[in-house]
Amino acid sequence: MAEISDVYFVDGMRTPFGRAGEKGMYWNTRADDLVVKAMIGLMDRNPDVPKDRVDDVAIAATTQQGDQGLTLGRTGAILAGLPQTVPGFAIDRMCAGAMTSVTTMAGSIGFGMYDIALAGGVEHMGRHPLGGNADPNPRFLTEKLVSADALNMGITAERIHDRFPHLTRERADRFGMLSQHKAQAAYDAGKIQPDLVPVAVKDATGAWGLATEDEGRRPETTMEGLATLKTPFRPHGRVTAGTASPLTDGATMSLLASGTAVTELGLRPKMKMVSFAFAGVEPEIMGIGPIPSTEKALKKAGLTINDIGLFELNEAFAIQVISLLDHFGIADDDPRVNQWGGAIALGHPLAASGVRLMIQLAAQFEERPDVRYGLTAMCVGLGQGGSVIWENPFYTGKKK
């Protein structure tokens, strides 16, 4: 009889994130090859985990077609050299794809069915734009189930500004600027680079190079410069390119394990899962989704927001993060929040981003033995939110 098990985030790695489109560094790179690079890098860094012990591989993608389709978990595992006995599958929860890969595998580990699993995500937004070849059911509009522009994420962000007028463009601009500055400071301090897997890339001339850093950072960002940016989603709006995550290509991968496997293999996990939750909200204002999902996750964990010592919140838009912080009474510039920057600076390859949040939180946990709990949370297209609460295995209650 299987026993209920603790679930551990043993390790995570990702590719550098590239700008989507013809000028981006991954324009001539396949989406599934990004998955393979992240998987190989992660397994190479964890040689104590036998490849034939991997029970399953879950890989998420939002637009599952072409080189981003064909059951990515299985095809990625084969291409990465895992034994053919290792199964795999694909997941789609739009922006929370990788997060859902992790929570799905966590459910299997927690129920005692799996001991070791890989979970991650990929998005090649240059090759596969959001909504490409999608065919929404006409009932959505004829029966007025959702607004016609509910799939336009920029419009949904503008509606948060509408609903909460005190969340001003100036506040969003400042948050976006600080994201850029914090990301560059983290790079300068060598915080981000250890968890990046270098990727060989070919440019338009056929010359080979190596992708080693996130491509979209703009550390020179200023409030004055942001104030001049246009509002593409609405005339006289408040959302700009400076307060939105860019279109991005990249892949992420995590290694999860049961308590039994951690002990047997002598692993040193970076985080322990405490709880997770997903929640739905109006599709037209999808950015507030992490508020109810976080409330659910906190309730399941028996915690309050005051117990959370570090936050990794996906910056699909600055206003989306600010709305969550405002709801919970947290300052926009609270040092617990996205201390190494976020998606506005680093990029948001949709289904890959959830594990990027976990990778950064895990690295921060090791530096912060005074912090016991952390939160990774994100909004999701069509009106959803996802939240995962983690416990720091290095927690001592004392600062280093």
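On a predicted model such as this, the values are computed, not experimentally measured, just so you know.

**Some words on the nonpolar core**
Side chains of nonpolar character tend, in soluble globular proteins, to be buried together.
Part 1: Among the nonpolar cores identified, the biggest contains 74 residues, and L313, F317, M358 and W390 are the most heavily contacted of them.
Part 2: At seven residues, the largest contribution of residues to this core is made by helix α12 (residues 353-367).
Part 3: Grouped together as the second largest cluster of nonpolar side chains are 38 residues, Y8, L42, M43 and L118 included.

**Details of helix α6 (residues 169-188)**
Part 1: Look at α6: 29 Å from first C-alpha to last across 20 residues, which is about the 28 Å you get at 1.5 Å a residue.
Part 2: Regarding α6, the residues found buried are R169, A172, D173, F175, G176, M177, S179, Q180, A183, Q184, A186 and Y187.
Part 3: In the core, the buried residues of α6 are packed alongside α5 (153-163), α7 (223-227), α10 (318-327) and α11 (343-346).
Part 4: G190 occupies a position one or two residues after α6 and carries a positive phi of about 70°.

**Here's the deal with the UniProt feature "domain: Thiolase C-terminal" (unreviewed entry) in the protein**
Part 1: The feature "domain: Thiolase C-terminal" (unreviewed entry), as given by UniProt, occupies residues 268-391 in the numbering adopted here.
Part 2: For residues 268-391, the helix share is 33%, the strand share is 26%, and the end-to-end C-alpha distance is 14 Å.

**A closer look at the UniProt feature "active site" (unreviewed entry) in the protein**
Part 1: UniProt marks C95, H348 and C379 with the feature "active site" (unreviewed entry), using the numbering shown here. For the annotated residues, spread through 285 residues, the largest C-alpha to C-alpha distance comes to 11.8 Å, consistent with a single compact locus. Considering only the residues just annotated, the largest pocket is lined by C95 and H348.
Part 2: Along the chain, C95 falls in the loop between β4 (89-91) and α3 (97-110).
Part 3: Positionally, C379 belongs in strand β11 (residues 373-380).
Part 4: Ignoring any residue separated from it by four or fewer positions in sequence, one finds C379 in contact with C95, M286, G287, P290, A316, Q320, Q384 and G385.

Conventions adopted
Residues numbered from 1 in each chain as written. Predicted model: local features only at pLDDT ≥ 70, side-chain atom pairs only at ≥ 80, totals over all residues. Heavy atoms only, no water. Core = buried A, V, L, I, M, F, W, Y, C linked by side-chain atoms within 4.5 Å. Buried < 20%, exposed > 50% of the residue type's maximum accessible area, 1.4 Å probe, protein only. Helix = DSSP H or I, 4+ residues; strand = E, 2+ residues; numbered from the N terminus. Expected span 1.5 Å × (residues − 1). Contact = heavy atoms within 4.5 Å. UniProt positions renumbered as here; feature names shortened; annotations may be inferred. 1 Å grid on protein atoms, 1.4 Å probe; cavity = no way out; pocket = protein on both sides within 12 Å on 5 of 7 lines; lining within 4 Å.

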